[in-house]
Amino acid sequence: TSAAGPDQDQDQDRGLAGTRVLVTGAAGFVGAHLSQRLLLEGAEVLGLDSFNSYYDPSLKRARVAALLDHPLCRVVETDLAEPGALAKAWSAFRPDHVVHLAAQAGVRYSLRDPRAYERANLAGFLEVLEAARAHPVSQLIYASSSSVYGASTRVPFREDDPVDRPSSLYAATKRANELMAHTYAHLFNLPLTGLRFFTVYGPWGRPDMAYWGFTEALHAGREIQVFNHGQVWRDYTYVDEIVEAIARLLRCPPQRADEPGRVVPEASHRLFNIGNDTPVAVGEMIDILERETGLQALRRNVPMQPGDVVRTWADVSALRAAVGFAPQVSLATGLQRFVQWYREYHRLSP
Ligand code: NAD
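Throughout this description, residue numbers start from 1 for each chain and increase along the sequence as written. Confidence filtering applies because this is a predicted model: local features only for residues at pLDDT of at least 70, side-chain atom pairs given and counted only at 80 or more, and all residues used for totals across whole chains, interfaces and linings.

A. Broad picture of the packing of helix H4 (residues 85–93) against helix H6 (residues 114–134). Comment: axis = line fitted to C-alpha atoms, over the contacting stretch for helices; angle = value between 0 and 180 degrees taken between N-to-C directions. Under the scheme used here, helices are H or I runs from DSSP no shorter than 4 residues and strands are E runs no shorter than 2 residues, and both carry numbers assigned from the N terminus. With their axes 9 Å apart at the nearest point, H4 and H6 run at an angle of 35 degrees to one another. The two elements H4 and H6 cross, and the hand of that crossing is right-handed. Here H4 contributes Leu86, Ala87 and Trp90 to the contact with H6, which in turn contributes Glu127, Val128, Glu130, Ala131 and Ala134. Gly falls in the polar group here, along with every residue not listed as nonpolar (Ala, Val, Leu, Ile, Met, Phe, Trp, Tyr, Cys, Pro) or charged (Asp, Glu, Lys, Arg). Tallied by class, the residues present in the contact of H4 with H6 amount to six nonpolar, no polar and two charged. In this scheme the handedness of a crossing depends on how the near helix is turned from the far one: anticlockwise by less than a right angle means left-handed, clockwise means right-handed. Our contact criterion uses C-beta atoms placed from the backbone: two residues qualify when those atoms are within 7 Å.

So, in structure tokens, the structure goes:
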């Protein structure tokens, strides 16, 4: 773990043991990792997930099976866009904190099935805010995305950059979440923290993401489509960095005003980038996967995909200042762990 300042050390002493944390999207990639970590710290976890079939639900079931070994964990199948469903589970569990990760993810799929994004990311997010308003918690952390920066060429991306030109409907719904959160923080004095995740990867990851697809193609001897002739850079973030940052943030909620409606919105709604601060070209990512698998990629150059952006790059200084965040895991190390996990999961020989 990275070094934290003296104040953070004090905050961390409080720990999460004995707290109740509601995690939406707990069967998802990030949600399952986070839940595992919270349980290790002694928190009680209620996970909610619809187990939708955007990608193989058996992977979601397998992630959850590992969680359910723990006596302090329950996972309930719920669609949180269903009006009132989340509020019911929330009021019964009485969480101290909520981490909202459930969403329809994926940039490209938002061109094919826009209504899935409207439902999960807009209607679903409103349910989350309404439940928080009815049953206050000491902090609600929610996942936004680096995609809100659109095709911005001002790098690295900072939280106060203009973000009014999303390149996809997915990005637009994530930006809408930030704006909705801002109004609820302001109107109802809710302590909210939005996190702009930058391309998260790691064991138990998502089959719709490039690193997984490339690893699959390598093993199957299929060709890999390299978009924009490899001129695509991503700030890849190892999943443990995200989990560590969320655990730290949970220990230091945003400042709340004494009276609802009188809060300075910036004080109760925080927004942070979470990235690795190191953009890597897609070709280099494929080189690493070749090394780790010992297989040679069949690369085919194809044009840029609509909705995709050329480069992402997180400035993480705000998160560093707030909780001492300092990414530890290089892409080479993280992909090594992913490939090892991938082979075990698919029972491939080493
Ligand atoms: P994921 O798809 O693995 O997890 C999301 C989970 O939410 C899934 O298990 C899904 O079944 C569930 N879900 C979807 N709609 C639901 C609904 N209406 N009710 C209940 N559950 C529902 O994705 P992930 O990679 O773990 O992403 C977690 C969050 O981080 C998402 O909000 C995503 O948009 C955001 N994010 C992820 C990345 C990344 O690179 N992984 C990058 C930026 C932002």
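Structure shown, so let's carry the discussion forward.
B. Representation of the site of the ligand. The criterion for a residue being near a molecule or strand is simple: its C-beta atom, placed using the backbone, must lie within 6 Å of it. Inspection of the region around the ligand gives 29 residues, with Gly25, Gly28, Ala103, Ala143 and Phe197 positioned closest. Looking at the shell around the ligand, the elements that each hand over two or more residues are helix H2 (29–40), strand E2 (44–49), H6 and strand E5 (139–145). With three residues, the single largest contributor to the shell around the ligand is H2.

C. The UniProt feature "domain: NAD-dependent epimerase/dehydratase" (unreviewed entry) in the protein chain, seen in detail. UniProt positions are given in the numbering used here, feature names are shortened, and annotations may be inferred rather than shown by experiment. According to UniProt, the "domain: NAD-dependent epimerase/dehydratase" (unreviewed entry) feature falls on residues 21–252. Its end C-alpha atoms 14 Å apart, residues 21–252 is made of 43% helix and 19% strand.

D. Up close: unusual backbone geometry. For the peptide bond that leads from Val155 to Pro156, omega is -10 degrees, which places it in the cis range. As for its placement among the helices and strands, Pro156 is situated in the loop between E5 and helix H7 (169–188). The backbone phi angle of Trp204 is positive, close to 60 degrees, even though this residue is not glycine. Looking at the element boundaries, Trp204 is found in the loop between strand E7 (200–201) and helix H8 (210–220).

E. Seen up close, the environment of Leu122. Note that Leu122 resides in helix H6. Taking the number of C-beta atoms within 10 Å as the measure of exposure, Leu122 has 17 and is therefore partly exposed. In this structure the C-alpha to C-alpha distance between Leu122 and Leu39, which are 83 residues apart in sequence, comes to 29 Å. Exposure is read from a count of other C-beta atoms within 10 Å of each residue's own; the residue is exposed at 12 or fewer, buried at 20 or more and partly exposed in between. C-beta atoms are placed from the backbone.

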